[in-house]
Amino acid sequence: MSIRRYKDFTPEIEKTAWVDSSAVVIGQCQLAEDVGVWPNATLRGDVNAIKIGARSNIQDGTVCHTTHDSPMTKGSQCIVGADVTIGHNVVLHGCVIEDECLIGMGSVVLDNAVVQKHVLVGANSLVPAGKVLESGYLYVGSPVKQLRPLTDDEKAFFKYSAEHYVKLKNDFQQSVEEI
């Protein structure tokens, strides 16, 4: 795995978290218990902090980055809550994803956007800077639009997905071997 110190910042990674050997975690990054960071994901905490909550998974090819403080704007951290599934090839930039969400493959969530608890963002969606996605809904499109309320089964799936990826992470920790 490629875990790198940047200036005075060393990633803080709980013992039960797992980072694939092809993923990169740099600088001001905090990974909580049972986080999984999958192949080719990049978490670049150089100009601000990245925080990933317990049992969340950052899937293959995802990029997490932040915004720095400047004369024009206040910097933005990238914060992912607990029990969140971030799909393949997602870009999270200086945004907040609250607990129990799923961000679909290929989606982009921009600076100061907030995805509230129990939100499903459909694949290839764009969440514009500063947008707040209200809890309990499916959002799709570019830019996203609220499509419909989530069903109880869809809300339950967030926990199921997080638990499934913890099991898969544990399996990878024990079974994957560099050759």
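Further up the page is the structure itself.
Overview of the structure. (Residues numbered from 1 in each chain as written. Predicted model: local features only at pLDDT ≥ 70, side-chain atom pairs only at ≥ 80, totals over all residues. Heavy atoms only, no water.)

1. Let's talk about the overall build of the protein
For clarity, the cut-off: A run of DSSP states H or I qualifies as a helix once it reaches four residues; a run of E qualifies as a strand once it reaches two. Both are numbered from the N-terminal end. Put simply, the radius of gyration uses C-alpha atoms, and a globule should come to 2.2 Å times the residue count raised to 0.38. Throughout this description, buried means an accessible area under 20% of the type-specific maximum (1.4 Å probe, protein chains only), exposed means over 50%, and partly exposed covers the range between. The criterion used for residue contact is that any of the two residues' heavy atoms lie within 4.5 Å. In this count, Lys and Arg are taken as positive residues and Asp and Glu as negative ones, while His and the chain termini are left out. A charged residue contributes its charge at one atom only: NZ of Lys, CZ of Arg, CG of Asp or CD of Glu.
Broken down by element type, the protein carries one helix and 20 strands. In summary, the protein has a C-alpha radius of gyration of 15 Å against a globular reference of 16 Å for 179 residues, a match within 12%. Its C-alpha atoms give the protein principal-axis dimensions of about 45 × 45 × 25 Å. The 179 residues of the protein split such that 46% are buried. In the protein, of all internal contacts separated by at least 6 residues, the share reaching a separation of at least 24 is 23%. The distance from the centre of the 16 positive side-chain charges to the centre of the 22 negative ones in the protein is 5 Å.

2. Considerations on the pairing of strand β4 (residues 24-31)
Cut-off, in case you're wondering: Two strands are said to pair when DSSP picks up at least two bridges between them.
Burial analysis of β4 places seven of its eight residues in the buried class, which makes it a mostly covered element. By the bridge criterion, three bridges tie strand β1 (residues 2-4) to β4 in an arrangement that is parallel. By the bridge assignment, Ser2 is partnered in β4 with Val24. The pairing of strand β2 (residues 12-13) with β4 spans two bridges and is parallel.

3. As for the packing of aromatic side chains
Quick reminder of the rule: Each Phe, Tyr or Trp ring (for Trp, its six-membered ring) is paired with any other whose centre lies within 6.5 Å, and the angle between the two planes then decides the class: stacked below 30 degrees, edge-to-face above 60, tilted in between.
Considering all chains together, one arrives at six aromatic pairs under this definition. Each ring, one from Trp18 and one from Phe172, has its centre 5.5 Å from the other, and the planes form 55°; the classification is tilted. Taken together, the residues span a long stretch of sequence, with Trp18 in strand β3 (residues 18-19) and Phe172 in helix α1 (residues 152-175) at a distance of 154 residues. Among the residues examined, Phe172 registers a relative accessible area of 26% and is labelled partly exposed. Aromatic side chains Trp38 and Phe172 sit 4.8 Å apart centroid to centroid with 80° between the ring planes, which places their arrangement in the edge-to-face category. Placement of Trp38 in the loop between β5 (36-37) and β6 (42-52) and of Phe172 in helix α1 is noted, with a sequence separation of 134 residues between them. Relative accessible area serves as the criterion here: at 4%, Trp38 is assigned to the buried category. Through successive ring pairs, a cluster of aromatic residues spans Trp18, Trp38, Tyr165 and Phe172.

4. A short note on the pairing of β6
Bridging between β4 and β6 involves seven bridges; their strand directions are parallel. The residue of β6 that forms the bridge with Gln30 is Lys51. Taken together, the two bridges between β6 and strand β8 (residues 63-65) define a ladder with parallel strand orientation. Bridged to Thr42 within β8 is Val63. By the bridge criterion, three bridges tie β6 to strand β9 (residues 78-80) in an arrangement that is parallel. In the sheet register, Ile52 faces β9, and the bridge partner there is Val80.

5. Some points on the pattern of salt bridges
For clarity, the cut-off: The salt bridge definition used is simple: a Lys or Arg side-chain nitrogen within 4 Å of an Asp or Glu carboxyl oxygen.
Applying the stated rule across the entire model yields seven salt bridges. With a closest N to O distance of 2.6 Å, Asp46 and Arg44 form a salt bridge. On the basis of relative accessibility, which here comes to 16%, the residue Asp46 falls in the buried class. Through salt bridges with shared partners, a single ionic network connects Arg55, Asp83, Glu100, Lys117 and Lys159.

6. Considerations on the nonpolar core
Put simply, the test is: Take the buried residues of types Ala, Val, Leu, Ile, Met, Phe, Trp, Tyr and Cys, join any two whose side-chain atoms come within 4.5 Å, and each joined set is a nonpolar core.
Grouped together as the largest cluster of nonpolar side chains are 35 residues, with contacts concentrated most on Leu43, Leu92, Ile97, Val109 and Val115. Elements represented by at least two residues in this core include exactly β4, β6 and β9. Aside from chain neighbours lying at most four places away, what touches Ile97 is Ile79, Val80, Gly81, Val84, Leu92, Ile103, Val109 and Val115. In terms of nonpolar packing, the next biggest core, distinct from the first, is built from five residues, Leu102, Leu120, Leu138 and Phe158 among them.

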